[in-house]
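# Understanding the architecture of this molecule
Chain residues, written in single-letter form:
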Amino acid sequence: MPVEATSAGAILFRDTRGRREYLLLKSRPGDWEFPKGGVEGEEELQQTAIREVKEEAGIEQFRLIDGFREEYDYVFEAGGDTIHKTVHLFIAHSQEASAELSNEHRDLQWRDYDQAINTITQDGPRDILDEAHDYLDELREETDGDYVLPAE
């Protein structure tokens, strides 16, 4: 019976010179991914995503975008156990221009959509980036580019 594990993270983006760029981190095994990590204690998924962006990307000034949460899952072996991990991804808008590489990763890059979709190495995150990109395009049109829906 696999051990169940839950992680959360964020598809972090910034707007640079009129184009949207996404932050990708290269993990130690070599996959390109988004900032994410395991839920600690009684954390809510959004709290985990916020903490992981701060820890893994060194970014403090960002906000989660309302209305988007997708998940993917995968199975791997670790320490003789089979782990079934479910990863919940949110979208976050960075107000910072740069990020800092954590000791958990080998590299980081800001990539536009086409570059990012071709760099991500796993199907689950790639599919979710595609959905997030479309969601942000629609939201940008509805909100005149500020990605925040007015309060009702």
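That block above? That's the structure.
A separate point is the overall build of the protein. A count of helices and strands for the protein gives three helices and eight strands. Its C-alpha atoms give the protein a radius of gyration of 15 Å, within 12% of the compact-globule value 15 Å for 152 residues. Viewed in the frame of its principal axes, the protein has a C-alpha envelope of about 50 × 35 × 25 Å. Taking contacts inside the protein between residues at least 6 apart in sequence as the whole, the part at least 24 apart equals 67%. Accessible area of the protein: about 8300 Å², with a carbon and sulfur share of 42%. Charge-centre separation for the protein: the mean point of 16 positive side chains lies 7 Å from the mean point of 37 negative side chains.

Let us now look at the environment of Leu 108. Among the secondary structure elements, Leu 108 is positioned in strand β8 (residues 105–112). The class of Leu 108 is buried, set by a relative accessible area of 18%. For Leu 108, the contacting residues outside a window of four places in its chain are Leu 23, Leu 24, Leu 25, Trp 32, Ala 99, Glu 100 and Leu 101.

With that settled, the discussion passes to the side chain of Glu 52. Note on placement: Glu 52 falls in helix α1 (residues 45–57). Owing to a relative accessible area of 4%, Glu 52 belongs among the buried residues under this scheme.

Here helix α3 (residues 123–142) is 20 residues long and its end C-alpha atoms lie 29 Å apart, about the 28 Å a rise of 1.5 Å per residue gives. Summarising the contacts, the buried residues of α3 are in contact with β1 (3–16), β2 (19–27), β6 (70–78), β7 (81–94) and α2 (113–119).

The description of an aromatic ring pair uses the distance of the two centres, along with the angle that the planes make with each other. Per the counting criterion, the structure on display carries five aromatic pairs. Taking the centre distance of 6.5 Å and the plane angle of 55 degrees together, the rings of Phe 13 and Tyr 22 count as tilted. Judged by relative accessible area, Tyr 22 falls into the buried class, the value being 0%. Put simply, the rings of Phe 13, Tyr 22 and Tyr 147 touch in pairs and so form one group of aromatic residues.

Most of β7 sits inside the fold, with twelve of its 14 residues counted as buried. Summarising the sheet, β1 and β7 pair through eleven bridges and their orientation is parallel. Among the inter-strand pairings, Val 3 is bridged to a residue of β7, identified as Ile 83. Where strand β5 (residues 62–64) meets β7, three bridges bridge the pair, whose relative direction is antiparallel. What sits directly across from Arg 63, in β7, is His 93. Note that β6 and β7 share nine bridges and pair antiparallel. When the sheet's bridge partners are listed, Glu 71 is paired in β7 with His 88. Counted along the chain from β6 to the antiparallel partner β7, the turn is two residues long, and its residue Gly 79 has a positive phi close to 55 degrees.

This paragraph deals with the pattern of salt bridges. Between side chains of opposite charge, pairing is possible as soon as their charged atoms come close. For the coordinates displayed, the defined rule picks out eleven salt bridges. With a closest N to O distance of 2.7 Å, Arg 14 and Glu 21 form a salt bridge. Of the two residues, Arg 14 and Glu 21, neither departs from the other in class, the shared state being buried. Residues joined in a network through salt bridges with shared partners are Glu 40, Glu 43, Arg 51, Glu 52 and Glu 55.

About the thresholds
Residues numbered from 1 in each chain as written. Predicted model: local features only at pLDDT ≥ 70, side-chain atom pairs only at ≥ 80, totals over all residues. Heavy atoms only, no water. Helix = DSSP H or I, 4+ residues; strand = E, 2+ residues; numbered from the N terminus. Rg over C-alpha atoms; globule rule 2.2 N^0.38 Å. Contact = heavy atoms within 4.5 Å. Areas by Shrake-Rupley, 256 points an atom, 1.4 Å probe, with all protein chains shown as cover. Lys, Arg positive; Asp, Glu negative; His and termini not counted. Charge placed at Lys NZ, Arg CZ, Asp CG, Glu CD. Buried < 20%, exposed > 50% of the residue type's maximum accessible area, 1.4 Å probe, protein only. Expected span 1.5 Å × (residues − 1). Phe/Tyr/Trp six-rings, centres within 6.5 Å; stacked < 30°, edge-to-face > 60°. Pairing = 2+ DSSP bridges. Salt bridge = Lys/Arg side-chain N within 4 Å of Asp/Glu carboxyl O.

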